[in-house]
Each structure stands twice: as C-alpha cells, then as structure tokens.
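# Close look at the chain arrangement
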Amino acid sequence: MSQQLLIYFVVGGSFLLYIGLAIYSKANSTSDFYVAGKHVSPVANGMATAADWMSAASFISMAGLIAFLGYDGSVYLMGWTGGYVILALLLAPYLRKFGKYTVPEFIGDRYDSQIARTVAVICLIVISFTYVAGQMRGVGIVFARFLNVDVTIGLLTGMGVVFVYAVFGGMKGITYTQVAQYCVMIFAYTLPAIFITFQVTNIPIPQLGFGSELADGSGYLLNRLDQVVTELGFASYTDGSKSMVDVFFITMALMIGTAGLPHVIVRFFTVPRVRDARVSAGYALLFIAILYTTAPAVGSLARWNLTATIQTGDVGVPTANLQYEERPEWFKTWEETGLITFDDKNQDGRIQYYNDANEEFVAVADSYGWEGNELTIDRDILVLANPEIAGLPDWVVAFIAAGAIAAALSTAAGLLLVISAAVSHDLVKSVFNRNMSDRNELIVGRICAAVAICLAGYLGFDLPAFVAEVVAFAFGIAAASLFPVILLGIFSVRVNGIGAICGMLAGLVFTTLYINAFKGMLFSPMFENIPENWLFGISPEGIGVLGALLNFAVTLVVSYCTKAPRQEVVDLVYHLRTPRVAQSEVSHG
Amino acid sequence: MKHRQYWIANLRLVGILLSIWFLVSFGCGILFVDVLNQIQIGGFKLGFWFAQQGSIVVFVVLIFVYAVLANRLDRTHDVDENE
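Residues numbered from 1 in each chain as written. Chains lettered and ligands numbered in written order. Predicted model: local features only at pLDDT ≥ 70, side-chain atom pairs only at ≥ 80, totals over all residues. Heavy atoms only, no water.

Let's shift gears to the overall build of chain A. Within chain A, the regular secondary structure consists of 24 helices and 2 strands. In chain A, the proportion of contacts linking residues at least 24 apart, taken out of those at least 6 apart, comes to 80%. As displayed, chain A has an accessible area near 21000 Å², and 63% of this comes from carbon and sulfur atoms. Taken as two groups, the 32 positive and 44 negative side-chain charges of chain A have centres that lie 20 Å from each other. (Helix = DSSP H or I, 4+ residues; strand = E, 2+ residues; numbered from the N terminus. Contact = heavy atoms within 4.5 Å. Areas by Shrake-Rupley, 256 points an atom, 1.4 Å probe, with all protein chains shown as cover. Lys, Arg positive; Asp, Glu negative; His and termini not counted. Charge placed at Lys NZ, Arg CZ, Asp CG, Glu CD.)

Rendered as structure tokens:
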C-alpha cells in the first residue's frame, strides 16, 4: 500500500471511530451537553482533559521549539504543566462542589451579579476564540501536509467532523472521543521518540536517554550538544539566553493562565464527586506529563541529529561540513515542501549551518570562509520528520498524521463547547429567557455550537497574520481576568460583585493594552518589542502575572471599600469549601 | 466551629504542597538553576533537569499526594462524601 493511501486509511479510520463514539454517547439533556451528565470516571476525565489540553501546537511545534530554545524552552514545559497543581489544589474541588455548568455561572452566583457573569462571558469568549482559530488552522495545515489536499478542504473536513461529534454529542460526546484521541496521540508521539532515543543513545526510554552517553562513545549527549552549538555561535543548549526575570514571569503567566482557561476548568465539572475532581487532576497531569517529559528528549535528540548530520566533524575544518550532494533522504523529502531550504552562499557545495546573528562568531566564520548561514529550517519538521530520520515504516507516519489531527480536533471541540455553553446558558438563558425549558436550551446549545464552529472555521481560514502572537494573549487574559476572581471567590468571603467586576476589567484592560503596545493587534505597536522597553523586564508573554496581581489588588481594595456580600453568598462560599456538611452542623439547622 | 478547623487544616495542607510546587519549579528550575547546574548527575546538569523533567514529575506526585491527604482530611472531619 502506498504511504498516501495508508495515511488516508488511518486518518479516515480514526474519524469513523470519533463519530461512532459520538453517536453512541449522544447528549439527551443539558446536563449531558454541558457536563456529560457528571458521570465521567476520574481516569477517563483525566485522559479527556489531557487531549483537550494538548493542542496541535503541543503535538507538532513544542519539541521543535525546545530544540531551538534549549533551556529557555523550559518555560513551556513547566508553565503548561505546573498550572494543573494550582488547578487541583485551589480550584477544581471547589468548583465541582458548586456543581453547576459553566465558569461564568460560578462567577455570577458567587458575586451575586449578572454584570459580573456577563463580563466573565466576554473574557471567556475572547480567550476561547483566539485559541480555537489557531486550532482550526492547524487542522487545515496538517491535512495539507499529510494528505496533499488544499488547506481549505482540510479545514472544511475538520469542521465537518467536529460538527458531527460536538453538536450531537455535546460534552458527553467529546469526552469519549477525547479519550480515543488521547490514545492515538500518545502512541504516535512516543513510538518514534523511543526509536530515535535508542538509535542515538542505546537506551529505549526518552526521559533517561537524553541524559545518557552517545552510542558512539563520544560523551554525554547534552554535554556534546552544548559544545557543538556554542562552537557554531549559538547559545549553550542547557543555559539559554532569556533573562531570569523573564523566564520566571513567563512560566508563572502560563501556569496561572492554564488554571484560568475555561475549557480546562469545565472538565472538572464532569466527574461525579469532589474527591473525583481531586484525583482526576492527578490523572490529567500524569497523561500530559507522558508527552511533556518526552518532548524535551525529542527536542535535544532532534537538535543533535540535525547538527551532527550537517557538522560531521570539527568546526572550521572545511571537509567537516556535509556536502549538499550527500544529504540524506529525509532532507530531500522536506526540501520539496519548502520547510528546509539551502542557499550555497560561499559556493563550496557544502552546508554551513551556524548563528550568523552572533556578531562575535561571524568574524570567526569569516576566517573559515563562511559567508552566512546557508540552511533555514522550519522547527515543526523536527517532530514530523522523526519517523523518517529513525527509518520507521510508513504506518508510523500515518499515525503521526492521525495524532496531529487528533490533537487539533480534541482541543477545538473542547473550546467550541465552552463557547456554546457560555452563550446558550449564561447569555441566552440567563439574560433573555429565564424560563426556557431544558429541551429548548439543548436546542439553543446545539445551534450555538454550530455557529461557533462556522465562525472558528472562518477565522481559521482567514487567519490574520498576528495569530502566532495571539497565544500569549489568550494565556495573559485567562491569567489576568478569570483566575484571580475565581480564586478569591473561593478563598475570601469578603470580596463582592463590584470588586470582581472592577478587578476583571482592570486585569483585562491592562493586559490587552500592554500586549498590544508591543505586539500590535488591535492597533499598531507603540514600542519596539525589546527587553529595554519592557516594564520591569517582563515580556508581553509574561505580563499576565502583573495583570493578575492588579486584578487581585483591585478586587480586594474595591470590595473592602464597599459593603460585604449578602448572607446567602457567604453561605454559598462555606458550602463550596466542604465536600459534605458535617453531621453536627446539620443538627444546628 | 467545625468548618473553621477543617478549613484551617485544609489551608495548611495546600500551603505546604504549594511551597514544594514553588520550590521545585521556580526555585530549582529558575532561581537557583545556575548553582544547581554545577552539579552533574549522569548526563544531566541538575538545574536543567529540574526545569525540563524533575519539576513535571514532582507536579504529578504532588496532586496525587494532595488527593490522598485531602480525602483523609475529609474523613477525619466528618465531611467526606459517603455516597
């Protein structure tokens, strides 16, 4: 069977599986549609959360990003996992005890304010739409790359599949499809990683392999990597080049952003009990950690493979650079896609790959007769080319394609569902028609999901150029708007509605303006995006932390200057804090 | 009164676990990374290992430890879900 046919077969089969699961677990009530009837087991919820969380970016781009960033890539590894500790210890059990359907609903009830609920809906929609547009684009690109179809057709196919299972299955449907998608993803990710690690280090476990000696006995992988990349003028792999302040703030922003993302929080509404919410967060992070501890191994091995392929001997010796004519097969394959390009600047027929932005090293390179870096590599191919570099059979490539599509679809479906739930439950029902029947609300929910899919598809199709920047924006807003008021709503009985509204708006406005001032999305950038211009040396990626602190401060100050919440609200907070009311207190009435 | 005791015990548990969370990630992985990088275990510089592996492993363990201890706390304060 040809590789192309095999890919069609595996990807098509995975689609049938997802749709079949969705039909099998069709939503029959709003409870099914919003929170899967609260019947999901903690392990299944953990897997679904992991699939929900790990997007096309995690699957395709993260290892490549780490390969080129080295130590600096740790911000993503710690930032996108550490948030689950905050979520599990500070939010999930209490929100599960609350026991309703959406994040804005919690904010509305806790702060006793329809306005607070509406502001929360706005924050949620901004966060989720920025995210989902990127996912839909990802689906289109993966289709285009693996199936040789137009990006638009790929996008429409992806929309169609999500449409079927999100609209009909609701939360219940996507939960069980996400479990299947997790299995596809993790298999597709770890298998090539194991083979590559074994080839380079003779150790079959990636997490250990990248701390081991190279199979050729020339020393430890990371030490050799540090040595070679610094000789080529790059930053040392294990040290990185970002400032400590910035690394600290970006990591923190990603962590609290994670804990404030509505599509992640809502997953913990779907389990039966408070204790299930606690342990389910553990399973979720365990399943995420399997990929997140493999990624840095893949990153360092890929960087080593790439560097060692091109720089075959000591830096500066003319014959130590690979002759272009002798380049390996995978190099040719990806050259055809334009993701690797070679430009023989000094006309010696050999490939020179080095850091020509490093002025000190350029002088050294000149003395070697090098006239500039000759190789441009799209970082995404480091994961995509892995099976070919490792010489794995065609069906592994087919699984990588299915895994990448699964990663994008699962995240898109989760995001679309929180958007539709917020619109149907928190806007249409609570603002316009309080007496709507469950049946009608379910119909409205489905319509909202359908509209959201079309809108997301449109945004993904017509993606404005700034979208790569927008990821930072989604995390920044989640960290600065929703996280602080949810946390204070549980841990303080004194904060009130007016405080929360001022706090959310302060965090939202500050973070939006700061990111815009440097990155320019709503208006053109006002300052150059360089460390000298940043407030306290914090880059736009890390500014969500300051936004969150501002939100905390404003919420507390305004709340303490205005009147305390009603007794009913205080009772609600006490109700959230205990899984069950103690017997001795029940008798008091 | 009972609620208050339970809540203080809960805050203490969460506080201790979050201190560990902060220590391994922001402490070992970022603030003290240069000092820890002086130590090499196998092929890993220790600070780098905490930043790319160790912290994630500790995060997973922390959540499971929390789940077990919080469930135990519920039982000792008679607020566990018994259905």
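What follows picks up the thread again.
On to the interface of chain B and chain A. Residue-level contacts link 48 residues of chain B with 59 residues of chain A. A combined buried area of about 4800 Å² lies between chain B and chain A, and 66% of that area is made up of carbon and sulfur atoms. Our enumeration of links across chain B and chain A arrives at 3 salt bridges. Seen at the junction of chain B and chain A, the total is 11 residue pairs in polar contact (both at pLDDT 80 or more). Of all the elements in the fold, those that place two or more residues in the side of chain B that touches chain A are helix H1 (2–31), helix H2 (33–36), strand S2 (44–45) and helix H3 (46–76) of chain B. A class-by-class count of the residues in the side of chain B that touches chain A yields 26 nonpolar, 14 polar and 8 charged. (Buried area = accessible area lost by both parts, 1.4 Å probe. Salt bridge = Lys/Arg side-chain N within 4 Å of Asp/Glu carboxyl O. Polar contact = N/O pair within 3.5 Å; in protein donor to acceptor, adjacent residues only side chain to side chain. Nonpolar A, V, L, I, M, F, W, Y, C, P; charged D, E, K, R; others polar.)

Let us now look at helix H23 (residues 567–577) of chain A. Every buried residue of H23(A) is accounted for by A:Val569, A:Val570, A:Leu572, A:Val573, A:Leu576 and A:Arg577. Along the axis of H23(A), the buried positions cluster into a sector of 155 degrees, meaning they face one direction only. (Buried < 20%, exposed > 50% of the residue type's maximum accessible area, 1.4 Å probe, protein only. Arc of directions from axis to C-beta.)

Applying the stated rule across the entire model yields 32 aromatic pairs over all chains. Both rings, one in A:Tyr283 and one in B:Phe64, keep their centres 5.3 Å apart while their planes meet at 80 degrees; by these two values the pair is edge-to-face. A residue pair is termed interchain when its members come from two chains, as with A:Tyr283 in helix H13 (residues 274–310) and B:Phe64 in helix H3. A relative accessible area of 25% means that A:Tyr283 is categorised as partly exposed. Classification of B:Phe64 by relative accessible area gives partly exposed; the value is 26%. Aromatic ring contacts, followed pair by pair, group A:Trp53, A:Tyr76, A:Trp80, A:Tyr84, A:Tyr131 and A:Phe475 into a single cluster. One cation-aromatic arrangement involves A:Arg327 over A:Tyr324; the distance from NZ or CZ to the ring centre is 4.0 Å. The ring of A:Tyr560 carries A:Arg494 above its face, with NZ or CZ at 5.1 Å from the centroid. (Phe/Tyr/Trp six-rings, centres within 6.5 Å; stacked < 30°, edge-to-face > 60°. Lys NZ or Arg CZ within 6 Å of the ring centre and 35° of its normal.)

These figures capture arrangement, not role.
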